[in-house]
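Understanding the architecture of this molecule
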Amino acid sequence: SMTDQTNPLEISVIHDDDIIRTEDTQRILKDGDGAFYIEGACEWYDSWLRMVISCYKCGMTKEEIKQGLDIESDEFMTGYMYWTEYQAEN
């Protein structure tokens, strides 16, 4: 039948424009799933380390990454990378 030759990945992409995947593992996030999140970039990661490596690769300095991870700080542009729950927009 036709369905045997259809790539299930293509189907999910066609039918779900709002699918959110983790950058590092391509895991599809469901409502309530926990993952590391980078505000601004709107990127999700399963691995803290892979998130940090990705920041380095994008040209962020060690200091910028430290500030991004500092959720205790009240300073501007700090604490925007953290573990949180994905909230599906339903």
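Preceding block: the structure.
Residues numbered from 1 in each chain as written. Predicted model: local features only at pLDDT ≥ 70, side-chain atom pairs only at ≥ 80, totals over all residues. Heavy atoms only, no water.

1. As for the overall build of the chain
Along the backbone of the chain there are four helices and three strands. Order of helices (α) and strands (β) in the chain, N terminus to C terminus: α-α-β-β-α-α-β. Looking at the 90 residues of the chain, the share that counts as buried comes to 26%. Residue pairs at least 24 apart in sequence account for 35% of intrachain contacts in the chain once pairs closer than 6 positions are excluded. Counting only carbon and sulfur atoms, one obtains 53% of the accessible surface of the chain, whose full area is about 6800 Å². (Helix = DSSP H or I, 4+ residues; strand = E, 2+ residues; numbered from the N terminus. Buried < 20%, exposed > 50% of the residue type's maximum accessible area, 1.4 Å probe, protein only. Contact = heavy atoms within 4.5 Å. Areas by Shrake-Rupley, 256 points an atom, 1.4 Å probe, with all protein chains shown as cover.)

2. A look at the packing of aromatic side chains
Within this structure, the stated rule accounts for four aromatic pairs. Ring centres of Tyr 37 and Trp 44 lie 4.4 Å apart, and the angle between their planes is 40 degrees; this geometry places the pair in the tilted category. Across the pair, Trp 44 and Tyr 37 agree in class, each one buried. Ring plane angle 85 degrees and centroid distance 5.5 Å describe the contact between Trp 44 and Tyr 86, whose orientation is recorded as edge-to-face. Here Tyr 86 lies in the segment after strand E3 (81-85) and Trp 44 lies in strand E2 (residues 43-45), a separation of 42 residues in the sequence. One exposure class covers both Trp 44 and Tyr 86, and it is buried. (Phe/Tyr/Trp six-rings, centres within 6.5 Å; stacked < 30°, edge-to-face > 60°.)

3. Things to note about unusual backbone geometry
Not every positive phi belongs to a glycine, and Cys 42 is a case in point at roughly 55 degrees. Along the chain, Cys 42 turns up in the loop between strand E1 (34-38) and E2. At Met 77, a position not held by glycine, the phi torsion is positive, near 60 degrees. Its place among the elements puts Met 77 in the loop between helix H4 (62-69) and E3.

4. Some remarks on the nonpolar core
In terms of nonpolar packing, the biggest core is built from 10 residues, these being Phe 36, Ile 38, Tyr 45, Met 51, Val 52, Cys 55, Met 60, Ile 65, Tyr 80 and Met 81. Secondary structure elements with two or more residues in this core: E1 and helix H3 (48-57). Top element by residues in this core is H3. It accounts for three residues. Once you skip the residues sitting within four places of it in the chain, Met 81 turns out to touch Tyr 37, Ile 38, Met 51, Cys 55, Met 60, Ile 65, Gly 68, Leu 69 and Ile 71. Judged by nonpolar contacts, the second largest core, of five residues, contains Leu 29, Ala 35, Tyr 37 and Tyr 86. (Core = buried A, V, L, I, M, F, W, Y, C linked by side-chain atoms within 4.5 Å.)

5. Description of H3
For H3, the full list of buried residues reads Met 51, Val 52, Ser 54 and Cys 55. Here the buried residues of H3 occupy an arc of 155 degrees about the axis, which is enough to place them on one side. Those residues of H3 hidden inside the fold are in contact with E1, E2, H4 and E3. N-capping of H3 is provided by Ser 47, with a side-chain oxygen placed 3.2 Å from the backbone N of Leu 49. Positioned one or two residues after H3, Gly 59 has a phi angle of 95 degrees, which is positive. (Arc of directions from axis to C-beta. Polar contact = N/O pair within 3.5 Å; in protein donor to acceptor, adjacent residues only side chain to side chain.)

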